[in-house]
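The primary structure of each chain is shown beneath.
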Amino acid sequence: MSALLLAPWILLALWAIYVGVFASSVTSSADGLRVQNFLRITRIPFSAVADIRMRYQLVIETTEGRTITCYGGPVSARSGSRRSSSDDRPATGSRDAERIIDDWQSALERTAVPAPVRRMWDVPALVSFTALVVWAGIAVAVAGAG
């Protein structure tokens, strides 16, 4: 019984580690980019990308004027302050960033009509968080009653 009362707290800690460290990512497909920053997912069609550059992380500017910093994407190996626009290119060895930029540049030749950027929440992660919070609440109620 005590394991059922303790388990939601351990799982909540693991959930927080997952969201904070592992959930963020950048993936490239034929139609655009999928950027997940913690619990927020942004789908960016290549036609809506105005520029892609590197700072410490990958930074995407959309045709809407928004700037999206990708927390889970490739990172720059350089440190210090920004010097010139040539410093915004991926560091040597950052094949992931180079591939994303190449995918975008090749898609520019095929696509002329801009598509909207879609933003959404990571529903499975939020549902699991809700279930863990409910379980933790039940554990507190059971422990308080006993």
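A brief structural summary. Keep in mind it's a predicted model, so treat the numbers as computed, not measured.

Points about the sheet that holds strand β4 (residues 49-54)
- If you walk across this open sheet you meet the three strands as β4-β5-β6, and the pairing is antiparallel. Of all strands in the sheet, those with a lone pairing partner are β4 and β6 (67-75), marking the two edges. Ignoring strand direction, the axes of neighbouring strands in this sheet form an average angle of 25°.
- Note: strand β5 (residues 57-62) against β6, five bridges, orientation antiparallel. Bridging across to β6, E61 finds its partner in T67.
- With respect to the sheet, helix α2 (residues 95-110) is in contact with β4, β5 and β6, its orientation differing from that of β4 by roughly 160°.

Description of the environment of Y71
- Note on placement: Y71 falls in strand β6.
- Leave out the neighbours within four places in its chain, and Y71 touches S24, N37, F38 and Q57.

Quick look at the nonpolar core
- Core analysis: the largest hydrophobic core is formed by 19 residues, its most contacted members being V35, I44, I52, L58 and I60.
- Listing elements by their share of this core, those giving two or more residues are β2 (32-37), β4, β5, β6 and α2.
- For this core, the element with the highest residue contribution is α2, accounting for five residues.
- In this view, L58 contacts V26, I52, R53, I68, T69, C70, P74, A97 and I100; residues no more than four positions away in its chain are not counted.
- L12, W15, L39 and A125 belong to the second-largest nonpolar core, a separate cluster that totals seven residues.

Regarding α2
- Taking 1.5 Å of rise per residue, the 16 residues of α2 would be expected to cover 22 Å, and the 23 Å separating its terminal C-alpha atoms lies within 8% of that figure.
- Where α2 is buried, its residues contact β1 (25-28), β2, β4, β5 and β6.

Describing the pattern of salt bridges
- Counted by the stated rule, this structure contains four salt bridges.
- The salt bridge involving R53 is made with D51; its shortest N-O contact spans 3.9 Å.
- Its relative accessible area of 8% is what places R53 among the buried residues.
- In this structure D51 comes out as partly exposed when scored by relative accessible area, which is 24%.
- Across the pair R119 and E64 runs a salt bridge, and its minimum N-O distance is 3.3 Å.

Quick notes on helix α1 (residues 2-22)
- The end-to-end C-alpha distance of α1 is 29 Å, a good match for the 30 Å that 21 residues give at a rise of 1.5 Å each.
- All buried positions along α1 are accounted for by P8, L12, W15 and V19.
- Check the buried side of α1 and you find it contacts α3 (123-145).

Section: the packing of aromatic side chains
- Applying the stated rule across the entire model yields two aromatic pairs.
- Centre to centre, the rings of F38 and Y71 are 5.6 Å apart; their planes meet at 35°, and the pair counts as tilted. In this pair, F38 is assigned in the loop between β2 and β3 (40-45) and Y71 in strand β6, connecting sequence segments 33 residues apart.
- Owing to a relative accessible area of 46%, Y71 belongs among the partly exposed residues under this scheme.
- The ring of W121 carries the charged tip of R40 above its face, separated from the ring centre by 4.5 Å.

Definitions and cut-offs
Here, residues in each chain are numbered from 1, in the same order as that chain's written sequence. Note on the predicted model: pLDDT of at least 70 is required for a residue's local features to be given, and 80 or more for side-chain atom pairs to be given and counted; whole-chain, interface and lining totals, by contrast, use all residues. In computing side-chain properties, one takes all heavy atoms of the structure into account and sets aside hydrogens as well as water. At least two DSSP bridges between two strands are required for those strands to pair. Here a strand is any run of E in DSSP of at least two residues, a helix any run of H or I of at least four, and the numbering for each starts at the N terminus. As a rule, the C-alpha atoms of each element are fitted with a line to give its axis, helices using only the stretch in contact, and angles between N-to-C directions run from 0 to 180 degrees. The contact definition used throughout considers only heavy atoms, calling two residues in contact when any of these lie within 4.5 Å. To define a nonpolar core, start from buried Ala, Val, Leu, Ile, Met, Phe, Trp, Tyr and Cys residues and group those joined through side-chain atoms within 4.5 Å. Accessibility here uses a 1.4 Å probe with only protein chains present; expressed as a share of the type maximum, an area under 20% marks a residue as buried, one over 50% as exposed, and anything in between as partly exposed. To estimate the expected span of a helix, count its residues, drop one, and scale the result by 1.5 Å. A pair is scored as a salt bridge if a Lys or Arg side-chain nitrogen falls within 4 Å of a carboxyl oxygen belonging to Asp or Glu. Any pair of Phe, Tyr and Trp rings, taking the six-membered ring for Trp, is counted once the centres come within 6.5 Å. Such a pair is stacked with planes under 30 degrees apart, edge-to-face with planes over 60 apart, and tilted for the rest. The criterion for a charge sitting over a ring is simple: Lys NZ or Arg CZ within 6 Å of the ring centre, and within 35 degrees of the ring normal.

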